[in-house]
Amino acid sequence: MDAQLSNSSNTVTDKDNGQQTISTSQLDAGSLFVLKSRGSWLHCGYHLTSAIVAPALLSIPFAIGLLGWGGIVCLSMAALVTFYSYNLLSLVLEDHARRGMRQLHFRDMAHDILGPGWGKYFVGPLQLGVCYGAVIACTLLGGQSLKYIYVVSSPDGSMQLYHFIVIFGGVTLIMGQMPSFHSLRHINLVSLVLCLAYCACTTAGSIYIGNSSNAPPKNYNVTEVGVNRLFGTFNAISIIATTYGNGIIPEIQATIAAPIQGKMFKGLLVCYFVVITTFFSVGISGYWAFGNQAEASVLSNFLVDRKSLVPKWFLLITNIFTLVQVSAVTLTYMQPTNVVIDRRFADPKKDEFSARNIVPRLIFRSIAVIIATTIAAMLPFFGDIMALFGAFGCIPLDFILPMLFYNVTFKPSKRSLIFWVNTIIAVVSTVLSGVGAVASVRQIIVDAKSYRLFANM
C-alpha cells in the first residue's frame, strides 16, 4: 500500500483502491506508530481474545456464588449483550470508514458522534483510566501468580508478594517496548492457546477435587441476607461485566487493514468461541466443586493450608500458563497508554525507529510501567478497586456507549425493535452502573480494615 498524508484533511489515502483508510480529528504519532492498520480478521480475533479472556475469568465461580445457580443466566446474558454491543460498535466504525472518516480511537467516535466535549473530557479519560487500571490489575495478578508458584514450590519461603510484583513488572518493562499493537499479533495467538490451556486445567482440577475424598462440603445457598444479599448481587454483576469488558474495540479494529467491512465480525466469532468455552467451563465447574466457598480466584481453592488438593505438578503448570497469558493481556491494555505517549512525545515526521522517537518512547513507556508496578505493589487489594472501575468504566464503554453510538449514527425508527432494544440495554446498564458503583464502594469500606500498604496477601 502506498499511503499519502494529506495535510489539508488529515487523511491517509490508499492509492491501490482509492479509499481513505484513516481519518481522525488529529492524525498523530500515536495513530501512525501504535495503531498500524496492517492486520487481518484473524489477528483481530487474537487481540480481542487477549482483551476479554484474561485470568480475571477465574473469579466467575465467586461471582456465581453471590448469585446462586441463577448466576449462569447472568453469565449468559452478559455474553449475548456484549457480543451484540461489540458488533454494533463495529458497524458504526465500518459506516464511518465507508464515508471516508475512519475512526481509530474511542475518543474519536465520541468526538464525531456525540460532540467534541464527550471525546475530550469524558470518553477519552474514562477509557485511558480503565485500560491503565487493567494494566495495574494485571501486574498485581502476575505477581500473585508468581507468588502462588513460589508457595507451591517452597511452602516455607519468605519472599513477599511485592517482590513478585516487581519481578513481573520488570518483564513488562522489557516487553512493553513492542512498537505497535499489530506487533503483538503472534504474542496474542500464544495468549489464545494459553487461556484455553489454563481454563482446561482449572476445569479438570475443579472436577477432580469435587469428586475426591478431600472434596470440601458443597453449599449452593446464597448465605447473605437482606441488604447484604442485594449489594452482593450487584457486586457480582459488576464482576461479570468487568470480566466481559473490553474497552478497546475501536483500537483493535484500527489494526485491521482496509477494507475493513465484515472483518471485525469474523474476529468476534473467533473470540466468543473461546469466551463461551472458557467462561462457562470454569464458572460451572468451579461453582459445582466449591459452592459459595469459591474464592475470588478459584485457583486459591486448590490450596488448603498451603497443601495442594491436586498434584503439585498440575497446579504449577496451570499457574505457569496463567502467568504467561496475563503478560500478553498486560501488553494489550498498555496500547491506549502507548498511543497517548507517542502522540505527546513522538514526531510523526520522523521515522518510527529514529533516535528522536525511540528515546522518548523508551523513557515514557518505562515510566508508565514503573508507576503501574508501584501502585500494584502498594495496593495488593486492587481487585476491589477494579470492581469500582468496572462499574464506572467497563459498563459505560461496553454496554451504554455502543447503543448510543448506533442510534445516533443510523437513526433507527423509534418504532423499530433495534431502537428499543438498544435503549433498554442502555437504560438498564446505566442503573446497574450506578448501583454497582455504590456496591463496590461499600465493599471497599467493608474490607478497609484489612488494607495495608505492601501487604503480603
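For the structure, see preceding data.
Reading guide: rules and limits
- Residues numbered from 1 in each chain as written.
- Predicted model: local features only at pLDDT ≥ 70, side-chain atom pairs only at ≥ 80, totals over all residues.
- Heavy atoms only, no water.
- Salt bridge = Lys/Arg side-chain N within 4 Å of Asp/Glu carboxyl O.
- Helix = DSSP H or I, 4+ residues; strand = E, 2+ residues; numbered from the N terminus.
- Buried < 20%, exposed > 50% of the residue type's maximum accessible area, 1.4 Å probe, protein only.
- Axes fitted to C-alpha atoms, helices over the stretch in contact; angles between N-to-C directions.
- Parallel < 35°, antiparallel > 145°, perpendicular 65-115°, else oblique.
- Left-handed = near helix turned anticlockwise from the far one by under 90°.
- Contact = heavy atoms within 4.5 Å.
- Nonpolar A, V, L, I, M, F, W, Y, C, P; charged D, E, K, R; others polar.
- Phe/Tyr/Trp six-rings, centres within 6.5 Å; stacked < 30°, edge-to-face > 60°.
- Lys NZ or Arg CZ within 6 Å of the ring centre and 35° of its normal.
- Core = buried A, V, L, I, M, F, W, Y, C linked by side-chain atoms within 4.5 Å.
- 1 Å grid on protein atoms, 1.4 Å probe; cavity = no way out; pocket = protein on both sides within 12 Å on 5 of 7 lines; lining within 4 Å.
- Points joined across faces, edges and corners; volume = space filled by probe spheres on them.

A. Main features of the pattern of salt bridges. Counted according to the given criterion, the structure contains 8 salt bridges. The residue D28 makes a salt bridge to R343 at a minimum N-O spacing of 3.1 Å. Separated by 315 residues along the polypeptide, D28 in the loop between β3 (19-23) and α1 (29-34) and R343 in helix α13 (residues 335-345) bring together distant segments of the chain. Take D28: its relative accessible area is 5%, and that puts it in the buried class. Judged by relative accessible area, which is 27%, R343 ranks as partly exposed. For the salt bridge of D95 with R98, the shortest nitrogen-to-oxygen distance reads 3.7 Å. Residue D95 and its partner R98 are both found in helix α4 (residues 71-98); the two are separated by 3 residues, about one turn of the helix. Several salt bridges share partner residues, and in doing so they unite D28, R107, D108 and R343 into one network.

B. Seen up close, the packing of helix α2 (residues 41-52) against helix α8 (residues 185-211). One can describe the packing of α2 onto α8 by two numbers: an axis separation of 8 Å at closest approach and a directional angle of 55°. Between α2 and α8, the angle is such that the two are oblique. With respect to the hand of their crossing, α2 and α8 are arranged in left-handed fashion. For the pair α2 and α8, the contacting residues are H43, Y46, H47, T49 and S50 in the first and R185, N188, L189, S191, L192 and C195 in the second. When its residues are assigned to classes, the contact of α2 with α8 shows 4 nonpolar, 6 polar and 1 charged.

C. Examining the packing of aromatic side chains more closely. Under the criterion given, the structure shown has 14 aromatic pairs. Ring plane angle 90° and centroid distance 5.7 Å describe the contact between W118 and F122, whose orientation is recorded as edge-to-face. Taken together, the positions of W118 and F122, both in helix α6 (residues 116-153) and 4 residues apart, correspond to about one turn of that helix. The partly exposed category is assigned to W118, whose relative accessible area is 40%. The structure contains a cluster of three or more aromatic residues connected by ring pairs, namely W69, Y220 and Y287. Lying over the aromatic face of W288, K218 brings its terminal NZ or CZ to 5.1 Å of the ring centre.

D. Representation of the nonpolar core within the structure. Ranked by size, the top nonpolar core spans 115 residues in total, and within it L57, Y244, F279 and F405 carry the most contacts. Residue contacts for F279: discarding those within four places in its chain leaves I52, V53, L57, I60, L75, T243 and Y244.

E. Inspection of helix α5 (residues 106-113) at higher detail. For α5, the tally of buried residues reaches 6 of 8 residues, placing the bulk of the element in the interior. Regarding α5, the residues found buried are F106, R107, D108, M109, A110 and I113. Within two residues after α5, G115 carries a phi angle of roughly 125°, on the positive side.

F. Fine view of the environment of A63. Mapping A63 onto the fold places it in helix α3 (residues 60-67). When its relative accessible area of 0% is taken as the criterion, A63 is described as buried. As for A63 and F234, which are separated by 171 residues in sequence, their C-alpha atoms are 9.8 Å apart. Once you skip the residues sitting within four places of it in the chain, A63 turns out to touch A236, I239 and I240.

G. Geometry of the packing of α3 against helix α9 (residues 226-244). One can describe the packing of α3 onto α9 by two numbers: an axis separation of 8 Å at closest approach and a directional angle of 150°. Looking at the two axes, α3 sits roughly antiparallel to α9. Considering only the axes of α3 and α9, their crossing is left-handed. On α9, the residues that touch I60, F62, A63, L66 and L67 of α3 are G232, T233, A236, I239, I240 and T243. Classifying every residue of the contact of α3 with α9 by side-chain character gives 8 nonpolar, 3 polar and no charged.

H. Highlighting the side chain of Q335. Within the element layout of this structure, Q335 appears in helix α13. Not counting residues within four places of it along the chain, the set of residues in contact with Q335 comprises V34, S180, F181 and L184.

I. Layout of unusual backbone geometry. P259 follows A258 through a cis peptide bond whose omega is -5°. Positive phi values are uncommon outside glycine, yet K411 reaches one of about 45°. One can find K411 in the loop between α15 (382-410) and α16 (417-447).

J. Highlighting empty space enclosed by the protein. With the rule as written, the count across this model stands at 1 cavity of 30 Å³ or more. Each pocket or cavity is described by its volume, and for the largest cavity that value is around 40 Å³. Lining of the largest cavity is provided by L93, R102, Q103, P250, Q253, A254 and I260. Of all the elements, helix α10 (residues 249-254) adds the most residues to the lining of the largest cavity, at 3 residues. When its residues are assigned to classes, the lining of the largest cavity shows 4 nonpolar, 2 polar and 1 charged.

Functional significance is not addressed by these values, which are geometric in nature.
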